[in-house]
Amino acid sequence: MKNNVFTWIIKLIAVVILVQTLFFKFTGAEESIYIFTKLGVEPFGRIGSGIFELIASILILIPRTTVLGSVLGMGVMAGAIVSHLFILGIDVQNDGGLLFT
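Treat the numbers as computed from the prediction; the structure is a model and nothing was measured.

Chemist: Tell me about the side chain of Lys25, and name the residues and values.
Modeler: Residue position: Lys25 is located in helix α2 (residues 22-26). For Lys25, a relative accessible area of 10% gives the class buried. Those residues in contact with Lys25, other than ones at most four positions away along the chain, are Ser32, Phe36, Arg46, Ile47, Ser49, Gly50 and Glu53.

Quick look at the structure:
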């Protein structure tokens, strides 16, 4: 029982991290548009990465597809980290590195 509760807590933490950015990507928030414009993939990259994050979040919550969702989520996060390290920088629009963190 304890293991099952712990597993769901970990899953929910991962999903919350992925889902919190969806609002900004899907509503076209200024920061998201800036980031994906700088990457040269606005608007398709913004919407596409948001779709991948949404799919990963759903898959993580379904027990049979948790591993697949986790791998997809790791891929999305790896892309974000690489983008920050090589193109965007850690401090985007003077946010003090908050988005990167």
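Chemist: Can you lay out the environment of His84 for me, pointing to particular residues and giving the numbers?
Modeler: Structurally, His84 can be placed in helix α5 (residues 66-88). Considering only alpha carbons, one finds His84 and Glu42, 42 residues apart in sequence, at a separation of 16 Å. When near neighbours in sequence (up to four residues on either side) are disregarded, His84 contacts Gly89, Ile90, Val92, Leu99 and Phe100.

Chemist: Give me the packing of helix α3 (residues 30-38) against helix α4 (residues 44-61): which residues, what numbers.
Modeler: Look at α3 against α4: their axes get within 8 Å of each other, and the N-to-C directions meet at 110°. The angle between the axes of α3 and α4 places the two elements in the roughly perpendicular class. Mapping the contact onto sequence places Ser32, Ile33 and Phe36 in α3 and Gly45, Arg46 and Ser49 in α4.

Chemist: Please set out α4 residue by residue, giving values where relevant.
Modeler: With 18 residues, α4 should reach 26 Å at 1.5 Å per residue; the first-to-last C-alpha distance of 26 Å fits that figure. Turning to α4, the residues buried within the fold contact α1 (2-20), α2, α3 and α5.

Chemist: Would you mind going over the pattern of salt bridges in detail, with residue names and values included?
Modeler: Scanning the model with the defined rule gives 2 salt bridges in all. For Arg46, the salt bridge goes to Glu42, with nearest N and O atoms at 2.9 Å. Relative accessible area serves as the criterion here: at 25%, Glu42 is assigned to the partly exposed category.

Chemist: Quick rundown of the side chain of Ser57? Include the residues and the values.
Modeler: As for its placement among the helices and strands, Ser57 is situated in helix α4. A distance of 2.8 Å separates a polar side-chain atom of Ser57 from the backbone oxygen of Glu53. Not counting residues up to four positions away in its chain, the partners in contact with Ser57 are Val15, Leu18 and Val19.

What counts, and where the lines are drawn
- Residues numbered from 1 in each chain as written.
- Predicted model: local features only at pLDDT ≥ 70, side-chain atom pairs only at ≥ 80, totals over all residues.
- Heavy atoms only, no water.
- Helix = DSSP H or I, 4+ residues; strand = E, 2+ residues; numbered from the N terminus.
- Buried < 20%, exposed > 50% of the residue type's maximum accessible area, 1.4 Å probe, protein only.
- Contact = heavy atoms within 4.5 Å.
- Axes fitted to C-alpha atoms, helices over the stretch in contact; angles between N-to-C directions.
- Parallel < 35°, antiparallel > 145°, perpendicular 65-115°, else oblique.
- Expected span 1.5 Å × (residues − 1).
- Salt bridge = Lys/Arg side-chain N within 4 Å of Asp/Glu carboxyl O.
- Polar contact = N/O pair within 3.5 Å; in protein donor to acceptor, adjacent residues only side chain to side chain.

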